[in-house]
Structure formats: structure tokens, C-alpha cells
Amino acid sequence: MSKIDDMDRRIGARVRAERESRGWSLTELAEKASVSRAMIFKIERGDSSPTAKVLGKLSGAFGLSMSTLMARAEIGQGRLLRKADQPVWIDPETGYVRRHVSPRSDMPLDLVRITLPAGKDVPMPASTYAFLRHLIWVLDGELVFVEGEVRHEMQEGDCLEPGPPANCAFRNESGRPCTYAVLALRAS
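Fair warning: this is a prediction, and the values are worked out from it, not measured in the lab.

The next thing to look at is the pattern of salt bridges. The tally for this structure, following the rule as stated, stands at twelve salt bridges. Of the charged contacts, one joins Arg 19 and Glu 20 as a salt bridge, the two residues approaching to 3.9 Å between their closest N and O atoms. The residue Glu 173 makes a salt bridge to Arg 151 at a minimum N-O spacing of 2.6 Å. With Glu 173 in the loop between strand 9 (168-171) and strand 10 (178-186) and Arg 151 in strand 7 (residues 150-155), this residue pair connects regions lying 22 residues apart in the sequence. Connected via shared salt-bridge partners are Arg 16, Arg 19, Glu 20 and Glu 44.

Rendered as C-alpha cells:
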């Protein structure tokens, strides 16, 4: 089994565990997340790799940040998380590569490294950010972050603390990949 297939299987198992722990049926989760019942079924079985947009909707329905949902699916115990063991997930729609860098700990912080291919756009619903505060730090390239009607054009080294939760989009309007870090402070 490839690392990507294993990641899809773990994400699916985590979505199912979150749904079942709340006593929700597939239909109830579908309604709360505005995601089709069939898609959730495929994700839970590990038959489909969810997009970042779908994961954002599911995590919002659970009252979790996307980072928390992914961390619960991805990370084992230990204070040191070596690069070779850092979970990597690739959005099948955009090619967006998400690497969870921080080890699982009692600290309410997740550190995620993202590479967004040139010309790609990843929209996220406000519900994805309703439960956390975060910073976006551009490590390489150019990133446009749109929150509601506000557009932030960011370059290497720039760091942004987004405002109150709003529908947003991460955009790479340049001709080369953009790498950025998201530092998410969980409400735990």
C-alpha cells in the first residue's frame, strides 16, 4: 500500500470515528457539511481521496479545524517527529501538498507546511477557521490569501494573522510553486 493510499485510509477512518462518536448517520453528516452522502461513504471506506475543500467542510461540521482533523488521522505519539515520519497528504484536485510538521503534544499548536502549485486556488469555508487562530507565513514564492472581500498579496517572509472567520481562498497566481506554513493555535 502506498503512503498516499494509507493516508486516505486513515483520513477515512478518522472521519468515520468523528461521525460515530457524535452518533450521526451518514445522512446527518452530509446535511451538516453540505457534502454528498455518497462522497462521505467513499471517503470513510478509503475509496476516495477527499479534496481540501471537502475536508474543510467536514471538519467544520465536526466543530474542528481542518488541522485538528488531519492531526488526529495522521500523527503518532512522541516529542520528535522526523521528516521521514511527517504525514504528507496531496489534494487530488489541485496537487496541493500538506506536510504535518509538528509532533503530537499537549501544546495547542499545529505546524503545517504546504506547497501550492502554480496557478492553483484552494477555497476554504469559514467553518474551517471558526475554532482556531492561525498565522500564515510564506516560506518561498508568492501567495494570495483572500478572506471575504479582503485580498492579501504575500511574498517570501511575509506573515499574516487572518481576521475573524470568513470564506477564504489560498491562491498561487504566479508561475512557480509557493510554499507556506500555517501555524494553528487550537482552542483545545
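Once that is clear, we can look at helix 3 (residues 37-45). Burial in helix 3 covers these residues: Ile 40, Ile 43 and Glu 44. End-on, the buried residues of helix 3 take up no more than an arc of 95°, which puts them together on one face. Remark: Gly 46 follows helix 3 within two positions and exhibits a positive phi of approximately 80°.

Here we take up the sheet that holds strand 9. Within a beta sheet, neighbouring strands are joined by backbone hydrogen bonds and run either parallel or antiparallel to one another. Strand order in the open sheet formed by four strands is 4-9-6-7, with antiparallel pairing between adjacent strands. Each end of this open sheet is capped by a strand with a single partner; those strands are strand 4 (121-124) and strand 7. Sheet twist, expressed as the mean angle between neighbouring strand axes with direction ignored, is 15°. In this structure, strand 4 lies alongside strand 9, joined through four bridges in antiparallel fashion. By the bridge assignment, Met 124 is partnered in strand 9 with Cys 168.

This brings us to the packing of helix 2 (residues 26-33) against helix 4 (residues 52-62). Here helix 2 crosses helix 4 at 105°, and the two axes come no closer than 8 Å. What the angle tells us is that helix 2 and helix 4 run roughly perpendicular. Contacts between helix 2 and helix 4 involve Leu 29, Lys 32 and Ala 33 from the former and Lys 57, Leu 58, Ala 61 and Phe 62 from the latter. When the residues that make up the contact of helix 2 with helix 4 are grouped by side-chain class, the tally is five nonpolar, no polar and two charged.

Let us look at the packing of aromatic side chains. One pass over the full model with this rule turns up four aromatic pairs. Aromatic pair Trp 89 and Tyr 96: ring centres 6.0 Å apart, planes at 75°, arrangement edge-to-face. Overall, the relative accessible area of 1% leaves Trp 89 in the buried class. The side chain of Arg 22 reaches across the aromatic face of Trp 24, ending 5.8 Å from its centre. The ring of Trp 24 has Lys 32 lying over it, and the distance from NZ or CZ to the ring centre is 4.8 Å.

Okay, the pairing of strand 9 next. For strand 6 (residues 142-147) and strand 9, the ladder comprises four bridges, and the chain directions are antiparallel. Along strand 9, the bridge assignment pairs Val 144 with Arg 171.

On to the pairing of strand 6, then. Along strand 6, five of the six residues are buried, which leaves the element largely enclosed by surrounding structure. With six bridges connecting them, strand 6 and strand 7 associate as antiparallel partners. Directly across from Val 144, in strand 7, lies its bridge partner Glu 153.

Calculation criteria
- Residues numbered from 1 in each chain as written.
- Predicted model: local features only at pLDDT ≥ 70, side-chain atom pairs only at ≥ 80, totals over all residues.
- Heavy atoms only, no water.
- Salt bridge = Lys/Arg side-chain N within 4 Å of Asp/Glu carboxyl O.
- Helix = DSSP H or I, 4+ residues; strand = E, 2+ residues; numbered from the N terminus.
- Buried < 20%, exposed > 50% of the residue type's maximum accessible area, 1.4 Å probe, protein only.
- Arc of directions from axis to C-beta.
- Pairing = 2+ DSSP bridges.
- Axes fitted to C-alpha atoms, helices over the stretch in contact; angles between N-to-C directions.
- Parallel < 35°, antiparallel > 145°, perpendicular 65-115°, else oblique.
- Contact = heavy atoms within 4.5 Å.
- Nonpolar A, V, L, I, M, F, W, Y, C, P; charged D, E, K, R; others polar.
- Phe/Tyr/Trp six-rings, centres within 6.5 Å; stacked < 30°, edge-to-face > 60°.
- Lys NZ or Arg CZ within 6 Å of the ring centre and 35° of its normal.

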